[in-house]
Amino acid sequence: MMKTVFLVVLAISQAISLPVYDPYVEWMEQKVEQYDHMLTQFKETSVKEGFNKKVSQDVDHFTNLVTLAKDLGCSQFVKYLDEVPHLKKLLQNDGPFTIILPTDEAFAALSPHGKVEVRDHLAQNLLGHIARGLVYSSELYNERLVPTLLFFDDKEVDLRFNIYLDGKVVTASGSILIKTDQNATNGVIHVTDRVILPMPLYDIVVEMAEIRNATGLMMSAVGLAGVAETLDGDGPFTVFAPKNEAFEKMRNPSLMDLMKNRTALKEVVLYHIVAGTIYEAGLRDGDRLTTLNGGQLRIEEEGPDKEGGDRVNFIEVAFPDVAATNGVIHLLAGVLIPPEIRAAYKKSSPDTIFEELLSPSLV
């Protein structure tokens, strides 16, 4: 089956004329015979893990993953599979696989740009929602990485599972699982409330470079402060990245003074970074997060029922959940300044524009 999976992935890309990364194609053609041996091991592992016993408890013998997805009311995913027949056939006849299945409402809620992104890279987006083997909710733990059928730059793209609120909220790359452990004859489905988009293809540093039109100045600050190497590591990290507009409002001399003072700049940059992966689903009103410089960020949820957007030290989260291979990025409408640096600049620089943008001190 492993050999079949890799051949099908190649066939999918060729059949629908999507761009395939040449190094991956060459690598796969060279290595595909090695998967004959892996196939035997994979089947043996599935039997040892009780695959047949598990699925027979709760599912009709003829309910494959595609049929089950339709039965669960997730028809849009199935319609997309119709456009990628090689993958649809794989999910009907092979396995086991685990599907993170977005609801129809999740696809409908995508922004116009998001809908175009799904359509333009349909096979890749579908493959990124499908993991090899069985992954049941009881086997999940915080920060668990599970490889998908999607390959990028010679590597498997992972789903990152996170557990928040003492297990009450479980996410797959930021998307909340709303119905788990739906068994089919050839795998299991977890239904999610959101399409995983963008796919986590790059680490945080590269991801910020990819969206440099939004975070270019933060990227410059990371480089000048000498923090890029940290964010290029395994992490995981949560980065609250001010949008370019936030930095641009900090006009001279305040911004230039800050950029020239590398010690202060490093403290500011580290004040935007938290260890661990905290997607929007894991941010709760009243939370206090410890940053890499030892400071604290306070989370607030807007609205009378605390169901509005999040704020970090009173600064709006303008765009949450940009997934990366080593964490997540949230775009901020303002710049976070550690209280001690804020106090120092209040004494030395009476710049009102700078003062208005500083995050208020925690009380």
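In this report, the structure presented in the accompanying data block is examined. (Residues numbered from 1 in each chain as written. Predicted model: local features only at pLDDT ≥ 70, side-chain atom pairs only at ≥ 80, totals over all residues. Heavy atoms only, no water.)

**So, the nonpolar core**
1) Next: In this structure, Leu87, Leu91, Ile99, Leu126, Phe161 and Ile189 are the most contacted members of the largest nonpolar core, which totals 45 residues.
2) Next: Ile99 has contacts with Leu65, Phe77, Leu91, His129, Ile130, Val188, Ile189 and His190, leaving out every residue within four places of it along the chain.
3) Next: Listed in part, the 28 residues of the second largest apolar core include Ile204, Ala221, Val269 and Ile337. (Core = buried A, V, L, I, M, F, W, Y, C linked by side-chain atoms within 4.5 Å. Buried < 20%, exposed > 50% of the residue type's maximum accessible area, 1.4 Å probe, protein only. Contact = heavy atoms within 4.5 Å.)

**Some remarks on the side chain of Asn313**
1) Next: Relative to the assigned elements, Asn313 resides in the loop between strand E12 (310-312) and strand E13 (315-324).
2) Next: For Asn313, a relative accessible area of 0% corresponds to the buried category. (Helix = DSSP H or I, 4+ residues; strand = E, 2+ residues; numbered from the N terminus.)

**Comments concerning unusual backbone geometry**
1) Next: A cis amide bond links Leu197 with the next residue in sequence, Pro198, at an omega value of 0 degrees.
2) Next: Tracing the backbone through its elements, the reader meets Pro198 in the loop between strand E7 (187-192) and helix H11 (204-210).
3) Next: Of the consecutive residues Gly235 and Pro236, the connecting peptide bond is found in the cis state with omega at 0 degrees.
4) Next: Positive phi values are uncommon outside glycine, yet Asp153 reaches one of about 55 degrees.
5) Next: Tracing the backbone shows Asp153 in the loop between strand E3 (144-152) and strand E4 (155-164).
6) Next: When its relative accessible area of 52% is taken as the criterion, Asp153 is described as exposed.
7) Next: A positive phi is found at Ser173, a non-glycine position, where the angle reads about 50 degrees.
8) Next: Inspection of the secondary structure assignment puts Ser173 in the loop between strand E5 (169-172) and strand E6 (175-184).

**Some remarks on the sheet that holds strand E9 (residues 273-275)**
1) Next: In spatial order, the strands read E9-E8-E14-E13-E12-E11-E10; together these seven strands make up an open sheet with mixed pairing. Across the chains shown, the open sheet's two edge strands, defined by having one partner strand only, are E9 and strand E10 (288-290). Mean inter-strand twist for the sheet, computed between neighbouring axes without regard to direction, equals 30 degrees.
2) Next: Relative to E9, strand E8 (residues 237-242) runs antiparallel, the two sharing three bridges. Bridge pairing in E9 links Phe237 to Ala275. (Pairing = 2+ DSSP bridges. Axes fitted to C-alpha atoms, helices over the stretch in contact; angles between N-to-C directions.)

**Description of the pairing of E13**
In the case of a regular strand, side chains alternate between the two sheet surfaces.
1) Next: Examined bridge by bridge, E12 and E13 share two bridges and lie antiparallel to one another. Residue pairing for E13: Arg311 is matched across the bridge by Glu316.
2) Next: The pairing of E13 with strand E14 (residues 327-332) spans five bridges and is classified as antiparallel. Counterpart to Phe319 in the pairing with E14 is Leu331.
3) Next: Counted along the chain from E13 to the antiparallel partner E14, the turn is two residues long.

**Here's the deal with the packing of aromatic side chains**
1) Next: Tallied over the full model, the rule gives two aromatic pairs.
2) Next: Seen in terms of ring centroids, Tyr80 and Phe107 are 5.3 Å apart; in terms of plane orientation they differ by 70 degrees. Their pairing is edge-to-face. Of this pair, Tyr80 sits in helix H6 (residues 75-82) while Phe107 sits in helix H8 (residues 104-108), and the two are 27 residues apart along the sequence. Exposure class is identical for Tyr80 and Phe107. Each is buried.
3) Next: Relative to Tyr202, the ring of Phe152 has its centre 5.4 Å away and its plane inclined at 85 degrees; by these criteria the two rings are edge-to-face. Remark: Tyr202 occurs in the loop between E7 and H11 and Phe152 occurs in strand E3; sequence separation between them is 50 residues. (Phe/Tyr/Trp six-rings, centres within 6.5 Å; stacked < 30°, edge-to-face > 60°.)

The analysis is restricted to geometry; functional conclusions fall outside its scope.
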